[in-house]
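Here is what each chain is made of, one letter per residue.
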Amino acid sequence: MITTRSKWVPYLFLLPGILLFLAVGVYSVGFSIMLSFYNWSGIDFSTARFEGLSNFRQFLLGDNPIVTQNFYHSLLHNVLIAVSQVVVVIPIAIVLAFVLQNTKMATLYRTVYFLPMIASGVAIFYVWKGLFEPTGAFNALFQAIGLDFLAVPGGMLGSSSTSLTGIILTSIWGGLPGTLILYYAGLTSIDPTLYEAASVDGASKLTMIMKITWPLLKPITLIAVIQMVNGAFQAFENVFIMTGGGPAGSSEVIGTLVYRTAFLNNNYGLASAIGWVSFLITGAIAMFSIRSFKVDI
Amino acid sequence: MVKTIKHIILFIYGLTCVYPFVWMIGTSLKTSQDALANPQSPFPKGPLMWSTFSEVWSKLNFSRFFVNSVVVSVIVIVGVVVIYTMMAFAFAKFRFKGKKLIYYTFIALLLVPGVTTLIPLYINMTNLGLQNSYVGIILPMINGAAPFAIFLFTSYFGTISHELYECAVLDGCGNFKIYWRIYLPLALPAIGTIAILNFIGSWNNILWPMIIIDKQEMFTLPMGLMYLDSSSFKKWNELMAGALITVIPVLLSFPFMQKMYVKGMTVGSVKM
Amino acid sequence: MKKKSTLMVTMLSVLCLVVSACSGGQKQEGGDASSGKELTMWTWKVAYTPGIEAAAKLYEQKTGVKVKLETFTPDDTYRQKIQAAGNSKNLPDVINWWASAGDSIENSVVELSGEIGDDVLGKYYGTAMDPIRVTQSQVDSWQNDKNATTVQKSLKAGQFYGLPLDIGGFFTFYGNKLLMEKAGLKTEAPKTWEEFVSMMETIKSKTGTPGLVFGAKTSDLWENWAGSALAIMYGGPQSYVELLERKSKMSDPGHLPVVKAVQTLADKDLLMPGILSTDIDGADQAFAAGKAAFDLGGSFTMSTLLAMGMKPEDIVTFPVPPIEGSKITSWTTDPFTLTMLAVNKDSKNKDTALDFIKYMTTDPDAAVAFANAAYTVPALNLGDKAKDLDPNLKAIVDSFAAEPGPYSEAQPAINAFRGKNKEWEVYAQSLQSIIEKKMTAEQAAQKFDDTMKSLQASGN
């Protein structure tokens, strides 16, 4: 690390990024935080009315029972998406990365596994919708292999008990490649001589994994967790297109709730308040993960 | 035996990755009636309708949309790489006041909820007179890419031996020259990773362009697709043809950049 | 020292490079396109685009003023777009918007009650101004609502911010004639809800095709498109208004049968599987592909079905049939205004823009040109000119009631309360639960009543 003779050199390097942030970032973030204390219908700020904490009280403390209920339900769904994504994706990604590392056809598989990442556009959610239809691929598959009880007659997205599962499945599918690549990259970066040296010293497989592999995978896991949690809390497009938050609110997430509140109910202040509380929650989870992984970023 | 199981696992997962694309291609080649009647099947019945592609292409001004998308993506990539490698260089190589604060402020931007800042951002951009312009689409996209780019570049630069820097100083290189001539070329894998991520991101982004652009001649490809969606009464074959047109450039460029992507991730995110 | 200045210069040049590389786009000053020779206009209805352009062409021939139209789609994007543009005064001269009052755009557009007199308003279909003109009951409800926006609180009764462009009605079932014949049914409209249900049962047992599809992914669609008609017929418009005004309960015998009507559909498995993830387009698509015998829609659905390849002679249409014992025994589709045209308050061509929206909504030639190309019914009372309409459109017009009917009576209360009172949001979700057979009609009604009570208690 250098302390340069001229103190302002590092700031010069930061300048373009900071200027850009001042030009496009600061205003929108600041304005949007301010809005959460106002009642505002979305057009012409001169019509906004300062309401203090009233927006927050509405959805956090039950001043409006329905909005509060919607908020906590949505929050729960976001948490469910985040948790199941982390719990499912990370083990699968690690296993696949190990398998992939020891395969001759790795390049081909790697290319194929990347595909879902490219397809982050809107079109792919329409494809998923089709697969989840009552006569779609999922139900057909379950019936074909004799697992009829897994088939949902109304389609996975059309039933309130399974719609969130459908959303989670697509999130896992979309989140797996990025995480897989991270682990794959991590594993390939480990110097093989380390393992050789360890086995010469008589270390068991488990010791090698604990002492060599895991320390390397730890920071990767942290990044993966934060990325997935953040992704889960920002989920919007997939839910909006596939279920619209339904049926009967069963797949509503913060993103769709904020959207509905701002653009359909014209309550921009309340929407901002919900959005920023969600920001704080995501931030808290991220901090907690960093602490518990004891990794310094 | 173990080997067979391994391949079965890899293959099945591969199938789930490929299936949506098979469905897209199959549906785009169906006749309108077939697409309407058997939306689930990925296999077209009857003649393959290659003509749908040219119809979709000429129905809307797709060539223009294509050019717009390319312009936006290229400039976003260049901007992200130049601006944030510079910042990362400062974070990784210098000690200065406010470093932690600035670094974490930028990283925290990752968590800002997009929907809530949409209207304020628009007000901001129009105050700058940037509606209906490439600059108006591009600047927020570059700014939005900041957190991850800064993170990856900073940890990447952190892995480069410090002696290299000192040698360069002894050779009389200025800081900017060291950054531009030595560190930037060394960071190519990380640049590749960030370039790919932002290419995909800016290419597929639809919400922001939709808000900031008023004129059809400034539409990007996904906006064209959205327009197609509502103007053709959900003709799946046309929609999927449009979707394929949109996704093909990314698909084609991908195998080339893929190797670099993995390499950039390897060093950038592993060795922190 | 030299190093530093080199650094500065290089950095500046990099910055310039970035900036100049970006400046490919053209700047545009919104809203004030030019000297008055050209108007700008926005819509979200792709289907209306050819219609608006046809009428605009006539206007250009007459006045020399060109109208430049831009379309933004889908609905939600358009809403964001208008909000965004309204904030930075980038709105076009003329705005096509949902016919409404208190829907947040009032602050950006011209209030017209001082500009437009009865000579113009008299030309429209009888109830066309109803959803646009602010009513006293709306004003009262906004004044008493602490969550109402400042814009809503500033509106006065009698004001209006747009002129009606087109009218239409929901409450229409479309039937597949071939399936009805195949099941041995007469291809006639059912007289009661019960008869309709038994028709669907017959079709289901004879052909295996499910009875009904509609865009149930949108939770409030049933209430908007069918439920309110059933309710208004069952107890009369006043009884529905009382429910909206929180003066009666959903579990009252006067309302409960309407909830039960939905449960019947679910109990008898008459709804298309997957209906809860089906959106409006998806429902029309499924109906057109013969996957359900009936489709719930509105006057605007016909054009979609025809575009999907159905033939008019294969379709039977009829209004929502009344539940047995209803006070009103037949529903005449009482059309209401679908969209309106408004003028940007900050437009530099305000007078021209106003002249254009007057022309477009009251000139018979323009209205017919618009209607035939956009496939929607103009809000203008066409009189003899109606013979120039496309025959299918003409048939829709003829099916409309000539006099304001029961729906018009309930409409002000619907506009004032159904969006605002959250028990309706809860009810809409309960209906989805009924469709899934996870709730009974009684439970849904009880939940509605409980929600209403708790909202009232907390001052919402």
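Under an unreviewed UniProt entry, chain C has the name Extracellular solute-binding protein and belongs to Paenibacillus dendrobii.

Looking at an unreviewed UniProt entry, chain A carries the name ABC transporter permease subunit, with the source organism given as Paenibacillus dendrobii. Of the comments in the UniProt record for chain A, the one headed Subcellular location (unreviewed entry) reads "Cell membrane". Among the UniProt annotations of chain A, the heading Sequence similarities (unreviewed entry) holds the following wording: "Belongs to the binding-protein-dependent transport system permease family."

Along its length, chain A carries 12 helices and two strands. Shown N-terminal to C-terminal, the secondary structure of chain A runs as helices and strands in the order α-β-β-α-α-α-α-α-α-α-α-α-α-α. Along the three orthogonal principal directions, the C-alpha set of chain A runs to about 75 × 75 × 30 Å. In chain A, which comprises 297 residues, the share counted as buried stands at 60%. Residue pairs in contact within chain A that sit at least 24 positions apart in sequence constitute 63% of those at least 6 positions apart. When the accessible surface of chain A is split by element, carbon and sulfur atoms take 69% of a total near 11,800 Å². Looking at charge distribution, chain A has the averaged site of its 13 positive side-chain charges lying 10 Å from that of its 11 negative ones.

A tally of regular secondary structure across chain C gives 19 helices and 10 strands. Against the globule reference of 23 Å for 460 residues, chain C gives a C-alpha radius of gyration of 25 Å, in line with a compact fold. On the principal axes, the C-alpha backbone points of chain C span a range of 90 × 60 × 45 Å. Taking all 460 residues of chain C together, the buried fraction comes to 60%. Sequence-distant contacts, at least 24 apart, represent 77% of the contacts inside chain C between residues at least 6 apart. Here chain C displays about 17,300 Å² of accessible surface, and carbon together with sulfur accounts for 51% of that area. With 47 positive and 56 negative side-chain charges, chain C shows a separation of 7 Å between the mean positions of the two kinds.

Contact residues are listed per partner, giving 89 residues for chain A and 88 residues for chain B. Seen at the junction of chain A and chain B, the total is zero salt bridges. In this assembly, chain A and chain B are joined by 11 residue pairs in polar contact (both at pLDDT 80 or more). Elements that contribute at least two residues to the side of chain A that touches chain B include exactly helix H1 (9-35), helix H3 (65-101), helix H4 (106-118), helix H5 (122-132), helix H7 (163-188), helix H9 (205-233), helix H11 (254-264) and helix H12 (268-293) of chain A. A total of 20 residues in the side of chain A that touches chain B trace back to one element, the largest contributor, which is H1(A). The residue inventory of the side of chain A that touches chain B, partitioned by class, reads 60 nonpolar, 25 polar and four charged.

The next subject is the domain arrangement of chain C. Residues and elements named next belong to chain C. Structurally, chain C comprises domain 1 (7-168 + 335-389) and domain 2 (172-332 + 405-457). Contacts between the two partners involve 12 residues from domain 1, matched on the other side by 12 residues from domain 2. Buried surface at the junction of domain 1 and domain 2, summed over both partners, amounts to about 1,000 Å²; 60% is from carbon and sulfur atoms. Looking at the side of domain 1 facing domain 2, the largest losses of area belong to Ser141, Phe336 and Tyr375, adding up to 40% of the total buried there. Our count for the contact surface shared by domain 1 and domain 2 stands at zero residue pairs in polar contact (both at pLDDT 80 or more). Here the side of domain 1 that touches domain 2 gets three residues from one element, more than from any other, and that element is helix H5 (residues 136-143).

This part takes up the packing of helix H9 (residues 221-235) of chain C against helix H11 (residues 256-267) of chain C. Residue and element names in this part refer to chain C. Remark: H9 packs on H11, axes separated minimally by 9 Å, with the N-to-C direction vectors making an angle of 130°. Here H9 lies oblique to H11, going by the angle between them. Every pair of crossing elements has a handedness; the one defined by H9 and H11 is right-handed. Counted together, Trp222, Gly227, Leu230, Ala231 and Tyr234 of H9 and Pro257, Val258, Ala261, Val262 and Leu265 of H11 form the full contact between these two elements. Across the contact of H9 with H11, the residue classes break down as nine nonpolar, one polar and no charged.

The biggest cluster of nonpolar side chains holds 345 residues, and the ones touching the most others in it are B:Tyr84, C:Trp193, C:Phe214, C:Trp222, C:Phe294 and C:Phe356. The biggest single contributor to this core is helix H4 (residues 62-93) of chain B, with 18 residues.

Considering all chains together, one arrives at 18 salt bridges over all chains under this definition. Salt-bridge contacts for A:Arg49 lead to A:Glu51; the nearest nitrogen and oxygen are separated by 2.9 Å. The closest approach of N and O atoms between C:Glu70 and C:Lys68, which form a salt bridge, is 3.3 Å. We classify C:Glu70 as buried; its relative accessible area is 10%. With relative accessibility at 33%, the residue C:Lys68 sits in the partly exposed group. Salt bridges linked by common partners bring A:Glu252, A:Arg260, C:Lys422 and C:Glu425 together as one network.

Here the UniProt feature "transmembrane region" (unreviewed entry) sits at residues 12-38, 79-100, 112-128, 164-185 and 268-290 of chain A. Along residues 164-185 of chain A the backbone is 100% helical and 0% strand, and the end-to-end C-alpha distance reaches 31 Å.

Below, the discussion takes up the environment of A:Leu14. With respect to the helices and strands, the residue A:Leu14 is situated in helix H1. The class of A:Leu14 is buried, set by a relative accessible area of 0%. With residues near it in sequence (within four places) discarded, A:Leu14 still touches B:Met87, B:Ala90, B:Phe91, B:Phe96 and B:Ile102.

This next bit is on unusual backbone geometry. Residue A:Gly246 is joined to A:Pro247 through a cis peptide bond whose omega torsion reads -10°. Among the secondary structure elements, A:Pro247 is positioned in the loop between helix H10 (237-242) and H11. Positive phi, normally seen in glycine, also occurs at C:Lys437, with a value near 65°.

Residue and element names in this part refer to chain C. What the six strands build is an open sheet, ordered S2-S1-S3-S9-S4-S10; its pairing is mixed. The two strands at the open ends of the sheet, each matched to only one other strand, are strand S2 (66-71) and strand S10 (377-378). In the sheet, strand S3 (residues 94-98) pairs with strand S9 (residues 336-343) via five bridges, with the strands oriented antiparallel. The residue of S9 that forms the bridge with Trp97 is Met340. Where helix H3 (residues 75-87) meets the sheet, its contacts fall on strand S1 (38-43) and S3, and the angle it forms with S3 comes to roughly 130°.

All right, on to the sheet that holds strand S8 (residues 315-319) of chain C then. What holds strands together in a sheet is hydrogen bonding between their backbones, with the strands either parallel or antiparallel. Residue and element names in this part refer to chain C. Read from one edge to the other, the open sheet built from four strands follows the order S6-S7-S5-S8, with strand pairing classed as mixed. The sheet terminates laterally at strand S6 (212-213) and S8, the two strands that pair on one side only. Relative to strand S7 (residues 294-297), S6 runs parallel, the two sharing two bridges. Counterpart to Val213 in the pairing with S7 is Asp295. Strands strand S5 (172-176), S6 and S7 of the sheet are contacted by helix H12 (residues 280-288), whose axis makes an angle of about 150° with S7.

The way to describe two aromatic rings as a pair is by their centre distance and the angle between their planes. Tallying each qualifying case throughout the model produces 79 aromatic pairs over all chains. Grouped by ring-pair contacts, the aromatic residues A:Tyr27, A:Phe31, A:Tyr38, A:Trp40, A:Phe45, A:Phe50, A:Phe236, A:Phe240, A:Tyr259, A:Phe263 and A:Tyr268 constitute a single cluster. Taking NZ or CZ as reference, C:Arg79 lies 4.5 Å from the ring centre of C:Trp98, over its face. Against the face of C:Phe72 rests C:Lys81, its NZ or CZ located 4.8 Å from the ring centre.

Below, the discussion takes up the confidence of the model for chain C. Mean pLDDT for chain C: 87, with 92% of residues reaching 70 or above. Scored below 50 in pLDDT, residues 1-35 of chain C makes 51 contacts in the model with residues more than four places away or belonging to other chains.

Residue and element names in this part refer to chain C. With eight of eight residues buried, S9 is to be regarded as a mostly interior element. Pairing of strand S4 (residues 163-168) with S9 involves five bridges; the strand directions are antiparallel. Each residue of the ladder has a partner; that of Ile167, found in S9, is Thr337.

What counts as what
- Residues numbered from 1 in each chain as written.
- Chains lettered and ligands numbered in written order.
- Predicted model: local features only at pLDDT ≥ 70, side-chain atom pairs only at ≥ 80, totals over all residues.
- Heavy atoms only, no water.
- UniProt positions renumbered as here; feature names shortened; annotations may be inferred.
- Helix = DSSP H or I, 4+ residues; strand = E, 2+ residues; numbered from the N terminus.
- Buried < 20%, exposed > 50% of the residue type's maximum accessible area, 1.4 Å probe, protein only.
- Contact = heavy atoms within 4.5 Å.
- Areas by Shrake-Rupley, 256 points an atom, 1.4 Å probe, with all protein chains shown as cover.
- Lys, Arg positive; Asp, Glu negative; His and termini not counted.
- Charge placed at Lys NZ, Arg CZ, Asp CG, Glu CD.
- Rg over C-alpha atoms; globule rule 2.2 N^0.38 Å.
- Salt bridge = Lys/Arg side-chain N within 4 Å of Asp/Glu carboxyl O.
- Polar contact = N/O pair within 3.5 Å; in protein donor to acceptor, adjacent residues only side chain to side chain.
- Nonpolar A, V, L, I, M, F, W, Y, C, P; charged D, E, K, R; others polar.
- Domains from an automatic or database assignment.
- Buried area = accessible area lost by both parts, 1.4 Å probe.
- Axes fitted to C-alpha atoms, helices over the stretch in contact; angles between N-to-C directions.
- Parallel < 35°, antiparallel > 145°, perpendicular 65-115°, else oblique.
- Left-handed = near helix turned anticlockwise from the far one by under 90°.
- Core = buried A, V, L, I, M, F, W, Y, C linked by side-chain atoms within 4.5 Å.
- Pairing = 2+ DSSP bridges.
- Phe/Tyr/Trp six-rings, centres within 6.5 Å; stacked < 30°, edge-to-face > 60°.
- Lys NZ or Arg CZ within 6 Å of the ring centre and 35° of its normal.
- pLDDT = per-residue confidence, 0-100.

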